[in-house]
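Topology and contacts: notes
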Amino acid sequence: MTSDAPAEGRHRLDPGALTSIVVSTTATTVAPGASLQVTVPTGWTVLQPSAGEASIASGEVRWALGDLAAGERADRRMVLRAPVLGPATDMVIDSAITARLAAANGTTDESVLRLRVAPEVVIQHATYATVHPVSHVPTYLGVDTPLKNLATFDTLRIRFQVRNPDSLPVSLAPSLQYRPAESAVWLDLPVGGPELGLPLYLGDEWRPAGRGRPGTVPGPELEAIPTGDFRARDTDMPPQQAAAGLRFMGSEKGPRVTLAGDTYTEFEFTVHATVDLPFGRSFEFRLTDGGRPHAGAIVARLTTAAKSPVVLSPGQRHGIDVGAPVDAATIAASTSAALRDDVDYALLPPDRIITASTGVATDLPRYQLAYVRPETPDETAAPAAPFDSPHVPDESLVADTCARCHSAHSGQGRMLLPDPNPQSTLCLSCHDGANGSSIDVAGQYADPSVPQNDPATRSYYRHDAMLLSDHVLASENEFGGVSRRHSECADCHNPHNSVATDSVQTTTGWTVSGRQLALSGVAVANGPGGTAPTYTFLDGLAAQPSREYEICLKCHSGFTVLPSNTGQPPSRWALDKGIDSNQYNRSFHPVEAAGTNQTSAMANSLAGTSPYKQWDFLTTGTVRCLHCHGDPAKFDATTPPDPGSALAPHASQFRGLLLQAYRDRTLKPAIEAYRADDFALCFVCHAEEPFRNEGSTATNFELHAFHVSELLGMGSGGLDIDTPGAGQGNAICAECHFRLHSTAQAVNAGDRNNSRLVNFAPNVLPNSGALEWRRSGGIGTCTLTCHGESHLDERYVTP
């Protein structure tokens, strides 16, 4: 038996991963009535025995082979899903899959395939320690014991045991994340000091100076943990050995650590509670690989102390509630002698009552003896200087333009905004097409054809500026890898510097438009294809983005912490767009540089027509993110907008904030015909002719029309593109071009070095253990199984 599990080490598979098993046998003698039987361990799921010949019952798969002649070979293939490990199960499972050949004359043969199911690293134990505020000595709790009663300004340590279950080395960058227990969003902790409004941060730890010296000194930023000081001793198997751990106490992030095979270690972090730590709340911590979560890792929990009651010291007395003060004018006008007698003004004769006012009789001291309710202000006065726009800086010192958005004395929101509502409440009060700006942004969010975002299915239709964010604006902080992904207006627009100039195309991407001047972003320095770039934060002041995509990447790349893909099928994964836009990838949409496909067929495709065509780009040019993720209201089949104009992706009725529709999750039923509007997004730039007529010169693949029009009733699978073996009718573009930004993060690792954006969807299966597309010497070949049809080196001509 053979498997596509890693050939080296212990053939480790991630929990829930798919693996293709090929069972081969060659009869040494005549084997009449031969059958092949595979026994699958408990917990494994058989997804697809080849050709439907198997009988699946009680974990056994059986093929009837008939009579085999001496020397005759038989091959059978099946796809298995590895067990999914739950919190109450062992994180490491060793499985033996047995294949047995039997014949009527007693001929037998047996083979065993051993696989290990485990995450890349096993994180199953966490230990807390409290650090005494005076002695600075840590006291460790028991392993996996939650920490209780954490108070403001307390210092704690949290330590995780990390095991490498394979015999191969593994590399990771230990980093700590936290979240309130009721939240689904994980956050990086601030490093080096507290941050306004946040309850915790990573910092150094003071220690006794030692050696007879008085006082304390800060501990080292990084410190080794001897194996003798380990708190947990769990191992995956007897040969596993301990390796020295690492304690993080300083303001610097730690280095990448290589953990040898069959070893375990511990990583520890010093955490400080701030004045913003809430009372009576629960928090959770997890260890990540530079922000990337580890599958199946333990989550450590702590609870904060309840709010202490106020206790009076000896001699103190509670006051008497006398109610609200009475206006002096009310007292003066009262006919009640009792009311007048109850008011005691020590500074005036008992029979004198005065009203609170700005004018005081000349013979009396200037004392205010009662509060005055403020009057309702008059209608807002006209500004003292011309009020052209609140976005135009005015240095005359007499203008009131700033006051249009900022209330110096009564502002209730951050940055002295009028109220604490979402920032968009203020912005959209003008940008509604009627009360200030002629651009109706408010209407885009109110459009009933635009669905609400659905994070559970990763279905996003709007940059939801309508929600109240409790995080610092992206335009106001230095990020530092912190996950603060949200979409308030100021994340994409600086209201003090916006002007209406368009974006301009260059060979290294489109420039920042005037609508996004003086805004933060991230610059990238790309390495080899498929690797994450080096990100540099641009604060919008000392350093400003020069390319539009640098603004997009501050939220849609590995510069911040992207949402976890755990539990999500591949079509819904959140991927690092910094990796995808790397111009050193083998194939990519040309955001940062011209694409790699410079053929005449691609030039013809870009110059051709379609019912949805907007722009005629060149193979040597670049495109904006907004050419695909833009405002559908700007789409105009008769008079398309200028490609550098305002196409802001505030909201769209098409999932993914797309400019036009694109079908990429649901496959076509058996009898559904080709429809151009399924792929309208593609036809915004590309010609439709290759999808209607074979032999078109506007494509390098002569069978586009065949695949999207002539596969009616081909296949018997389902309609979910994430289901292996799905497909029953005409193909959709996403089955062969599953990742559209680039092939660098293709689901099938064998597709990541393909050209021409060829990478296959999860419903496409291997054939005889292979799933691949090749191009050599003008010939392209496919080896795969799709819509029930087997392709084994299927050939076609390609330039």
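The coordinates are above.
The rules behind each value
Residues numbered from 1 in each chain as written. Predicted model: local features only at pLDDT ≥ 70, side-chain atom pairs only at ≥ 80, totals over all residues. Heavy atoms only, no water. Helix = DSSP H or I, 4+ residues; strand = E, 2+ residues; numbered from the N terminus. Buried < 20%, exposed > 50% of the residue type's maximum accessible area, 1.4 Å probe, protein only. Areas by Shrake-Rupley, 256 points an atom, 1.4 Å probe, with all protein chains shown as cover. Arc of directions from axis to C-beta. Pairing = 2+ DSSP bridges. Core = buried A, V, L, I, M, F, W, Y, C linked by side-chain atoms within 4.5 Å. Contact = heavy atoms within 4.5 Å. Salt bridge = Lys/Arg side-chain N within 4 Å of Asp/Glu carboxyl O.

Some details on the overall build of the protein chain
- Along its length, the protein chain carries ten helices and 33 strands.
- In the protein chain, which comprises 799 residues, the proportion classed as buried is 44%.
- Within the structure as shown, the protein chain displays about 39,700 Å² of accessible surface, and the carbon and sulfur contribution to it stands at 55%.

Overview of helix α8 (residues 600-607)
- Within α8 the residues assigned to the buried category are A601, S605 and L606. In an axial view of α8, the angular spread of the buried residues amounts to 135°, which keeps them on one side of the axis. Among the exposed residues of α8, those pointing more than 90 degrees away from its buried face are S600 and A607.

Regarding the sheet that holds strand β1 (residues 2-3)
- Overall, antiparallel pairing links the four strands, which are arranged β1-β3-β8-β5 in an open sheet. The sheet is open, and its two borders are formed by β1 and β5 (45-49), each paired with just one other strand.
- As defined by bridge partners, β1 adjoins strand β3 (residues 18-26) across two bridges and the pair is classed as antiparallel. Bridge pairing links S3 to I21 in β3.

A closer look at the nonpolar core
- Residues W615, Y674, F683 and I721 are the most contacted members of the largest nonpolar core, which totals 38 residues.
- For this core, the secondary-structure elements that each account for two or more residues are β29 (521-525), β30 (534-538) and α9 (680-683).
- It is α9 that contributes the most residues to this core, three residues altogether.
- In this view, W615 contacts L606, H627, P641, D642, P643, L647, L659, V684 and C685; residues no more than four positions away in its chain are not counted.
- Formed by 34 residues, the second largest nonpolar core is a distinct cluster that contains Y178, L246, L277 and F283.

Re the pattern of salt bridges
- Using the criterion set out here, one finds 31 salt bridges in the structure.
- Where D75 meets R73, a salt bridge forms, and the shortest distance between an N and an O atom there is 3.1 Å.
- By relative accessible area, R73 is classed as exposed at 52%.
- A salt bridge links R624 to E548; its shortest N-O distance comes to 2.8 Å. Here E548 lies in the loop between β30 and α6 (549-552) and R624 lies in the loop between α8 and α9, a separation of 76 residues in the sequence. Across the pair, exposure class does not vary: R624 and E548 are buried alike.
- Taken together, the salt bridges that share partners define one network made up of R157, R159, E205, R207, E223, R247, E266 and E268.

From the geometry alone we can't say anything about function, so treat these as descriptive.
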